[in-house]
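Geometric and topological summary
The residues making up each chain are set out below.
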Amino acid sequence: MSLRINDVAPDFTAETTQGTIHFHEWIGDNWAVLFSHPKDFTPVCTTELGAVGSLEAQFAARNVKPIGLSVDGVENHDKWAKDIEDVTGAKINFPVIGDTELKVAKLYDMLPGDAGDSCEGRTPADNATVRVVYIVGPDKKIKLQMAYPMTTGRNFDEIIRVLDSMQLTAKHKVATPANWKQGDDVIITGAVSNEDADKIFPGYKTVKPYLRTTAQPK
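Residues numbered from 1 in each chain as written. Predicted model: local features only at pLDDT ≥ 70, side-chain atom pairs only at ≥ 80, totals over all residues. Heavy atoms only, no water.

1. Observations concerning the pattern of salt bridges
- Here the structure, examined in full by the defined rule, presents nine salt bridges.
- In this structure, Asp72 engages Lys39 in a salt bridge whose closest nitrogen and oxygen atoms are separated by 3.4 Å. Pair noted here: Asp72 is in the loop between strand 4 (64-70) and helix 4 (74-88) and Lys39 is in the loop between strand 3 (31-37) and helix 2 (43-54), with a separation of 33 residues, a long-range link. Take Asp72 and Lys39: they sit in the same class, and that class is buried. (Salt bridge = Lys/Arg side-chain N within 4 Å of Asp/Glu carboxyl O. Helix = DSSP H or I, 4+ residues; strand = E, 2+ residues; numbered from the N terminus. Buried < 20%, exposed > 50% of the residue type's maximum accessible area, 1.4 Å probe, protein only.)

Spelled out as structure tokens, the structure:
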């Protein structure tokens, strides 16, 4: 069965560049961004891992732990990290999962069950569907999932923007409109009556009876 938003993210134990982890335990009370790659030493993925490395402080400020996955072994990941730093200038201080037996890729529905049980002999094209981003909340539920083609590098500024939206809307009864960014006005959810909105969001604006906007809550 395919994974959906609000499903519990499948737990797993795996070897990473920072030792063995138990995924749910590793997340703890944090948010997590799990992003996957079809193979080590691939050009687009090299730039992506470097991009995440450069955002280390921004993730930490949001209580977010990034974790990568690539369909290769941890020893290869360690060698690849040197190339990534050379190309992008960013160190990889987050764990990268070694998925040599394709277990996590299958668990997260990135590869079909009949894909085999070894990374040996597989090319990036064989693993093309292992190009997914999952955001997992502290409750261990999937909050977002996005799949990308191999030729399109992921926009991690957008991942940061989505995290800001989800963390804001988890605390307040608001939603964020299209292209929202930090500091923009937000939408009051339908769960809030006009009477309550007057108290919680004084001075809010009614654009349509179903669309009420207010300044971003502090």
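2. A look at the pairing of strand 3
- In terms of burial, strand 3 is largely enclosed, as seven of its seven residues are buried.
- Of the two faces of strand 3, the one holding Trp31, Val33, Phe35 and His37 and the one holding Ala32, Leu34 and Ser36 are both buried throughout.
- Across seven bridges, strand 3 lies against strand 4 in parallel orientation. Opposite Trp31, over in strand 4, you have Val64 as the bridge partner.
- As paired elements, strand 3 and strand 6 (residues 132-136) share four bridges and run antiparallel to each other. When the bridges of strand 6 are listed, Phe35 appears paired with Val133. (Pairing = 2+ DSSP bridges.)

3. Section: the sheet that holds strand 9 (residues 186-188)
- Across the sheet, which stays open at both edges, the four strands sit in the order 8-9-11-10 with antiparallel pairing between neighbours. What marks the edges here is a single partner per strand, and that holds for strand 8 (174-175) and strand 10 (205-208).
- Of the pairings in the sheet, the one linking strand 9 to strand 11 (residues 211-214) comprises two bridges and is antiparallel in character. Along strand 11, the bridge assignment pairs Val186 with Thr214.

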